[in-house]
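Per-entry structural report
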Amino acid sequence: MSYQLVNPATAEAMETIEHTSLEQTDDAIANAKSAQRRWAGLAPAERAEILRSFADAVAGDVENLAALEVRNSGHPISQARWEANHVRNVLEYYAGAPERLIGKQIPVAGGIDITFHEPLGVVGIITPWNFPMTIASWGFAPALAAGNAVIVKPAEWTPLTTMRLGELAREAGVPEGVFQVLPGKGSVVGNRFVTHEDVRKVVFTGSTEVGKTIMRGAADQIKRVTLELGGKSANIVFADADVDKAAATAPSSVFENAGQDCCARSRILVEASVYDRFMQGLEKSVAAFSVGDPTKDETEMGPLVTSVHRDSVASFVEDDKVAFRGSAPTGPGNWFAPTVLAPSSLDDRCMREEIFGPVVAVVPFKDEAHALEIANSTEYGLSGSIWTRDVGRVIRVARGVESGNLSVNSHSSVRYSTPFGGFKQSGLGRELGPDAPLHFTEEKNVFIPND
Ligand code: NAD
C-alpha cells in the first residue's frame, strides 16, 4: 500500500511512500536478529567508530535533512537545522558508550562476582510525527551503542527524515540489518513490534492512548518498554519573578513547533497580583511571534502538520474564551494563529486535554500552594517552568511539581546529556543522559569460584 505525503505549508501533494507489509516487517525482524549477533560481537571500539562515522554522515547531510523536514513537517528551517545537528550530537555522545558499558566486581566469599550489561537483541522504535528525527535518535543511538539491532517505524505523516537517516547509516558503514527504517502503519508495523517475540524492547513515543495499548500488548511477553507520552505542562509565574521576561519568553515555550510539542507549556499559571501585567506583556510577545513560510530563516512558527490535525486543534478554541491571537498566513497550508485563552474554569477542556497546537490557556493563582495544586491537577507530568527569584521557593516548587523535566527562569527541557521522561501518564522510563544505553541492556551476574 502506498501513502501520499502533503506539504503542510502549501497543501501540495509530494511523493508517495510505500508502506511496509506484515511479511516485510517479519523479514526485517529476522534480518535484525541475525545482524545483531554480529554487531554485538564487534569490539566495543569498532562499534564506537562506526557510530562516529554515522554522526559524521549526518553532519554532512544537515542541510538536506533540514530541507526534508521543512517540506514534510512544516518545521521552520532554523529549527530543522537544529534538529539535524542534534541527531549528530546524540550519535556522537553515544559513540562514547560502547567502551564505557562498565560492569561491577562485587566482593563475595569463595571467588569473584562480576556483572555484564548484555544487549537485549532487537529493539523496535515507534515514533510520532512531531519531531521525527530527533525522537528516533534518542532511541536508536543508545540502543545501537549497547549492541542491539534497531528497527524504526516513523509516523505515517512524516517519514522522510527517518528514512534518510536509514540511508546515511548504511553509507556510514552500519552493517546491513543493524539499523532498518520501516515506514508503515501503526496497526501493522508498530503492532508487530509488540507481538513479535524476537523484538525484545519497544520504545514508543506518541499519545497516551496508544501507549497504553502498547504496554498492554507488551505484558504478554514481559517485553521491555519505554513510553514517552502526552503532556499538559505548566509554566508557573510568581509575582516576584522577572515578569516581563516570563511574558516575553512564554510564546516560544508553547508555540515552538506550532505547539506540536509534548513539552509545550500549554497552561500558564500566573500569580493573581501580576496577572494583568503578564497578559499585557504576553499580548506584545505573541503579536511579535513570527508565523509564516518555514523556508525563511526568520520564521519562528510554521503550519500545523496536516489539515486533520488543524481541525482537531481548532475544536479546542471557543471564541468567548479567546483573550487575544497572533497572526498567521491565509491561503493554502494548515495555518493556525497563536491563540491565548483565558478560561473561567479550571475544568475547561483547554486546561485538561493535550491540544498539541499553538493554543495556550492562562489562569491566575492565589499563592504557592494553589499554584502547585493547579499544576498537579492533571494526569500528565512531563515538563514545566518555574519563574521566581526566591531560591527557597525554587526548591519547594521544583520538588512539588509532579513532572519529569523542569526549568527555572527558562524553558529548556531536552539536552542529550541529561535524562528525559515523564511522571504519571506522561510515560515510563527515561531517555537520553548518561544512563540511556543501560536501558537497552540486561544486567547479568556471574560468580566464578576460586577453586
Ligand atoms: P500516536 O500515538 O497517534 O502515534 C505515534 C506512533 O504510534 C505512530 O508512529 C503511529 O503510527 C504508531 N501507532 C499508532 N497505533 C499503533 C498501534 N496500535 N501499535 C503500534 N504503533 C501504533 O501519536 P502522534 O499523534 O503521532 O504524536 C503525538 C503524541 O505524541 C502527543 O500525545 C505527544 O505528546 C506525544 N509525544 C510525546 C513525547 C515525549 O517525549 N513524551 C514526544 C513527542 C510526542
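Everything numeric here is computed off the predicted structure, so don't read it as measured data.

We now examine the site of the ligand. The environment of the ligand is made up of 27 residues, and the closest members are Thr127, Glu156, Ser207, Cys262 and Glu354. Residue Gly186 places a main-chain N or O atom 3.3 Å away from a nitrogen atom belonging to the ligand. The protein chains hide 86% of the 850 Å² of surface that the ligand would expose on its own. For the shell around the ligand, the elements supplying multiple residues, two or more each, are α7 (186–195), β8 (199–205) and α8 (208–219). A per-class count over the shell around the ligand returns 14 nonpolar, nine polar and four charged. A domain-level breakdown of the shell around the ligand finds at least three residues from each of domain 1 (2–229 + 426–449) and domain 2 (234–414).

The next point concerns the packing of aromatic side chains. A full pass over the atoms with the stated rule returns ten aromatic pairs. When the ring of Trp129 is compared with that of Trp157, the centres are 5.6 Å apart and the planes differ by 45 degrees; the resulting orientation is tilted. With a gap of 28 residues between them, Trp129 in the loop between β5 (122–126) and α5 (132–145) and Trp157 in the loop between β6 (149–153) and α6 (160–171) connect regions that are remote in the sequence. Above the ring of Phe440, the side-chain terminus of Lys201 is found at 4.8 Å from the ring centroid. A cation sits over an aromatic face here: Arg349 above Phe316, 3.8 Å from the ring centre.

This brings us to the pairing of strand β4 (residues 111–119). For strand β3 (residues 105–108) and β4, the ladder comprises four bridges, and the chain directions are antiparallel. Its bridge partner being in β4, Ile106 is matched across the sheet by Asp113. In this structure, the hairpin formed by β3 and β4 is closed by a connection of two residues, where Gly110 is found at a positive phi of approximately 80 degrees. Judged from the nine bridges that link them, β4 and strand β18 (residues 441–449) form a sheet pairing that is antiparallel. Pairing of Asp113 across the sheet is with Phe447, part of β18.

Looking now at the nonpolar core. Ile236, Ile268, Phe278, Leu282, Val340 and Val362 are the most contacted members of the largest nonpolar core, which totals 52 residues. Apart from residues no more than four positions distant in its own chain, Ile268 is found in contact with Asn235, Val237, Ala250, Phe278, Leu282, Val360, Ala361, Val362 and Val363. Residues Trp39, Leu91, Leu168 and Val181 belong to the second largest nonpolar core, which totals 48 residues.

With that settled, consider the sheet that holds strand β10 (residues 234–237). In spatial order, the strands read β12-β13-β14-β11-β10-β15-β16; together these seven strands make up an open sheet with mixed pairing. One side of each edge strand has no neighbouring strand; the edge strands of this open sheet are β12 (322–325) and β16 (407–408). As paired elements, β12 and strand β13 (residues 339–341) share three bridges and run antiparallel to each other. Among the inter-strand pairings, Phe324 is bridged to a residue of β13, identified as Val340.

For the rest of this paragraph, the subject is the sheet that holds β18. Pairing is antiparallel in the open sheet, where three strands are placed in the order β3-β4-β18. Across the chains shown, the open sheet's two edge strands, defined by having one partner strand only, are β3 and β18. When the angles between neighbouring strand axes are averaged without regard to direction, this sheet yields 25 degrees.

The rules behind these values
Residue indices begin from 1 for each chain and proceed along its sequence in written order. At least 70 in pLDDT is required for a residue's local features to be given in this predicted model, at least 80 for side-chain atom pairs to be given and counted, and no such filter applies to totals for whole chains, interfaces and linings, which use all residues. Side-chain calculation: all heavy atoms of the structure are included, whereas hydrogens and water are not. The rule for a residue being near a molecule or strand is that one of its heavy atoms must lie within 4 Å of it. Think of a polar contact as two N or O atoms within 3.5 Å of one another; within protein, one of them needs to be a possible hydrogen donor and the other a possible acceptor, and neighboring residues in sequence only count if both atoms come from side chains. All accessibility values rest on the Shrake-Rupley procedure with a 1.4 Å probe; residue burial counts only the protein chains present in the view. Each helix is a run of H or I in the DSSP string that is no shorter than four residues. Each strand is a run of E no shorter than two, and both are numbered from the N terminus. For this scheme, ten residues count as nonpolar: Ala, Val, Leu, Ile, Met, Phe, Trp, Tyr, Cys and Pro. Four count as charged, namely Asp, Glu, Lys and Arg, and the remainder, Gly too, count as polar. The domain limits used here are those given by an automatic or database domain assignment. Stacked, edge-to-face and tilted are the three classes for Phe, Tyr and Trp ring pairs, Trp counted by its six-membered ring, which pair at centre distances within 6.5 Å; planes under 30 degrees apart are stacked, over 60 edge-to-face, the rest tilted. Two thresholds decide whether a charge sits over a ring: the Lys NZ or Arg CZ must be within 6 Å of the ring centre and within 35 degrees of the ring normal. What makes two strands pair is DSSP finding at least two bridges between them. By convention a nonpolar core is built from buried Ala, Val, Leu, Ile, Met, Phe, Trp, Tyr and Cys residues, the set being connected through side-chain atoms within 4.5 Å. Accessible area is worked out with a 1.4 Å probe on protein chains only. A residue is then buried under 20% of its type maximum, exposed over 50%, and partly exposed in between. When checking whether two residues touch, look at their non-hydrogen atoms; a contact exists if any pair is within 4.5 Å. Here an axis means a line fitted to C-alpha atoms, over the contact stretch when the element is a helix, while the angle between two N-to-C directions is reported on a 0 to 180 degree scale.

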